[in-house]
Number of protein chains: 2
Amino acid sequence: MSQHRPPGAPERPVAVPALPDLPEATVARLPEYLRALHNLAENGHETVSSEWLATAAGVNSAKLRKDLSHLGSYGTRGVGYDVALLIDQIEYVLGLTQRRSVALVGVGNLGHALAGYDGFATRGFRIAALFDADPVRVGEEINGLVVQHVDELSRVATEESIAIGVIATPAAAAQRVADRLVAGGVTSILNFAPCVLTVPDGVDVRKVDLAIELQILSFHEHRKASQTALPAAGEAALPPLPGNLAATNPQEAIGT
Amino acid sequence: MSQHRPPGAPERPVAVPALPDLPEATVARLPEYLRALHNLAENGHETVSSEWLATAAGVNSAKLRKDLSHLGSYGTRGVGYDVALLIDQIEYVLGLTQRRSVALVGVGNLGHALAGYDGFATRGFRIAALFDADPVRVGEEINGLVVQHVDELSRVATEESIAIGVIATPAAAAQRVADRLVAGGVTSILNFAPCVLTVPDGVDVRKVDLAIELQILSFHEHRKASQTALPAAGEAALPPLPGNLAATNPQEAIGT
DNA sequence: AAGCGCTTGTGAAGACACGCACAAATCGCG
DNA sequence: CGCGATTTGTGCGTGTCTTCACAAGCGCTT
């Protein structure tokens, strides 16, 4: 959350023209800008140019300006962007002006780590409840929270108005957990289980699969290796290490 | 890896026309197809239609067919795709016919979980070495591997020909770690630290930021909330609970 | 052997995203 | 007060990704 607005102040001092509907690609980059802006703010910067911010976020400056222009114009020509104002603006659009409660299901290997990950707390989220299906784990206390049985999931989610759920269970259990989350009123799910979830319309699912990321890297390894190893192949014209053009610049590599 | 080819058999029985250069979006989906295919194979399916596989992978069938067509055509009209053949094909393209060694740096909260995550091992990767900067952690044994000091990183990576590195350190240390990985000959990096890495051309970086995923979900929560709060907007209330489609959808048949 | 139903592979069109390049706006300075 | 340096905001061309729709191909049945 922004430390630039006193806690008691109204949520949004500057009028915002409703919620603009942003391109999905832009939405995915806003959190990155936000992180860079917080870094700048901590270092005492009050304004920042698009060039600077873009470099800090790993994108090119034209893209950054276009992204920000979708929020309405908040820069000053010849000067740059007001860091504090931009932070407020982005946090408002992302819905981070209220701390959001998250239910974490599955306190195994990964879930345990997520429960202790302070990156959530520092960026606007509060893990409000932990669940697991294993009776041995139920009752265990992690970071001040007691693990509850997954049968309680729907009830607790409803009672505490939890809107976001994180699934860190084995794949076999993920769909059942998702159903219970939905039944408990959850409308956004972050899924770490390697499987596809079926959810009703109106529920958003994002998937993070750690092995898939490695497999994508593996592909690029394979491609790089086959390029250097086969000078005689059809693509003979390619120099030993073309430093494949746009494909390996930071933007693309970082892109979701 | 595929269990459909005897361990001793030559790596690639069927000739593959060099490495086609695939659209990046396609590459990102191939691992998902692969996972679905392995599920099908375990359940004894020998062929699969694009419609079925697409549903299992969470994409639409036209996209799936176009993706697969980039690998060369391996389907039979009127029948579908040969599951075992397609698995081999995708694993070859992704470079998964050889088990790849990975160095994991940062054995804190998240790194510890990653070191114990069996999803890596089961999908073609071997964590070959663990590193940390904290002397207290050096020497600790995790899953049969001893944590080494990060100063050894470049040397060990070179000696063991490790091509992929995973960074699970705090953001402040990530760039230094990346530099050492590169110095050790690593050409692919999976970065869990919330920061942008600068690497030479020819090195691929993928970033996974857990908090960013939540922030993107938060945006959609915010948007949904502002829509329902304003009944004047075109979209009336969503139907209460559409329920899951038919009981005969591919997901269930696959039985993750 | 011919016909029929099913499924793949792909051309073409549309949607989206990206990056260049420049006009418009602002500030600081003489 | 005016001018030049700087930086934003954006129109536009380009390339990539997605989706539709259908011809071509395959196997099964009669």
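See the structure shown above.
Residues numbered from 1 in each chain as written. Chains lettered and ligands numbered in written order. Predicted model: local features only at pLDDT ≥ 70, side-chain atom pairs only at ≥ 80, totals over all residues. Heavy atoms only, no water.

S.K.: How should I be thinking about the protein's contact with DNA strand C in this particular structure?
M.R.: If you check the shell around DNA strand C, you find 27 residues, and the closest are A:Lys66, A:Arg77, B:Ser50, B:Arg65 and B:Tyr81. What you see for DNA strand C is that sugar and phosphate hold 67% of its atoms within 4 Å of the protein. Side-chain polar atom of A:Arg77 to a base nitrogen of DNA strand C: 2.8 Å apart, as the coordinates give it. Taken together, the elements giving at least two residues each to the surface near DNA strand C come down to α1 (24-42) and α3 (61-69) of chain A together with α3 (61-69), β2 (75-76) and β3 (80-82) of chain B. At 4 residues, α3(A) tops the list of elements feeding residues into the surface near DNA strand C. When the residues that make up the surface near DNA strand C are grouped by side-chain class, the tally is 7 nonpolar, 11 polar and 9 charged. (Near = heavy atom within 4 Å. Polar contact = N/O pair within 3.5 Å; in protein donor to acceptor, adjacent residues only side chain to side chain. Helix = DSSP H or I, 4+ residues; strand = E, 2+ residues; numbered from the N terminus. Nonpolar A, V, L, I, M, F, W, Y, C, P; charged D, E, K, R; others polar.)

S.K.: In this structure, what is going on with the packing of α1(A) against helix α2 (residues 50-57) of chain A? I would like to understand it.
M.R.: For any two helices packed against each other, one specifies the inter-axial angle together with the distance between the axes. Residues and elements named next belong to chain A. For the pair α1 and α2, interaxial distance at closest approach is 9 Å and the crossing angle is 110°. Taken as axis vectors, α1 and α2 run roughly perpendicular relative to one another. For the pair α1 and α2, the sense of crossing is right-handed. Contact with α1, carried on its side by Glu32, Tyr33, Arg35, Ala36, Leu37 and Leu40, involves Trp52, Leu53, Ala56 and Ala57 of α2 and no other residues of that element. By residue class, the composition of the contact of α1 with α2 is 8 nonpolar, no polar and 2 charged. (Axes fitted to C-alpha atoms, helices over the stretch in contact; angles between N-to-C directions. Parallel < 35°, antiparallel > 145°, perpendicular 65-115°, else oblique. Left-handed = near helix turned anticlockwise from the far one by under 90°. Contact = heavy atoms within 4.5 Å.)

S.K.: How should the sheet that holds β3(B) be read in this particular structure?
M.R.: Two pairing modes exist for strands in a sheet, parallel and antiparallel, and in both the strands are linked by backbone hydrogen bonds. Residue and element names in this part refer to chain B. One open sheet holds the 3 strands; their spatial order is β1-β3-β2, and the pairing between them is antiparallel. Of all strands in the sheet, those with a lone pairing partner are β1 (47-48) and β2, marking the two edges. Running over the sheet, helix α4 (residues 83-93) touches β1 and β3 and is turned about 70° from β3. (Pairing = 2+ DSSP bridges.)

S.K.: Looking at this structure, how should I read the pairing of strand β10 (residues 204-207) of chain B?
M.R.: The side chains of a regular strand alternate between the sheet's two faces. Residues and elements named next belong to chain B. Side chains Asp204 and Arg206 of β10 all project onto a buried face; the interleaved residues Val205 and Lys207 project onto the opposite face, where all are buried too. Of the pairings in the sheet, the one linking strand β9 (residues 188-191) to β10 comprises 4 bridges and is parallel in character. In the sheet register, Asn191 faces β10, and the bridge partner there is Lys207. (Buried < 20%, exposed > 50% of the residue type's maximum accessible area, 1.4 Å probe, protein only.)

S.K.: In this structure, what is going on with the relation of the copies chain B and chain A? I would like to understand it.
M.R.: Think of it as a corkscrew move, a rotation about one axis and a shift along it, taking one chain copy to the other. Overlaying chain B with chain A gives an RMSD of 0.1 Å, the required rotation being 180° about an axis along which the chain moves by 0.0 Å. Here the copies are linked by what is in effect a two-fold axis. When C-alpha distances to the rotation axis are compared across chain B, the minimum falls at B:Ala113, with a value of 3.1 Å. Most of the interface of chain B is mirrored in chain A, where 92% of its interface residues are also at the interface. (Least-squares fit on C-alpha atoms with pLDDT ≥ 70 in both.)

S.K.: Looking at this structure, how should I read the interface of chain B and chain A?
M.R.: Size of an interface, as often reported, equals the accessible area lost when the parts are brought together. Between chain B and chain A, the contact holds 72 residues from the first and 80 residues from the second. The interface formed by chain B and chain A holds 8 salt bridges in total. Where chain B meets chain A, there are 36 residue pairs in polar contact (both at pLDDT 80 or more). Take the side of chain B that touches chain A: its biggest share by element is 16 residues, from helix α9 (residues 210-229) of chain B. Taken together, the residues of the side of chain B that touches chain A break down into 41 nonpolar, 17 polar and 14 charged. (Salt bridge = Lys/Arg side-chain N within 4 Å of Asp/Glu carboxyl O.)

Function cannot be inferred from these measures alone, as they are strictly geometric.
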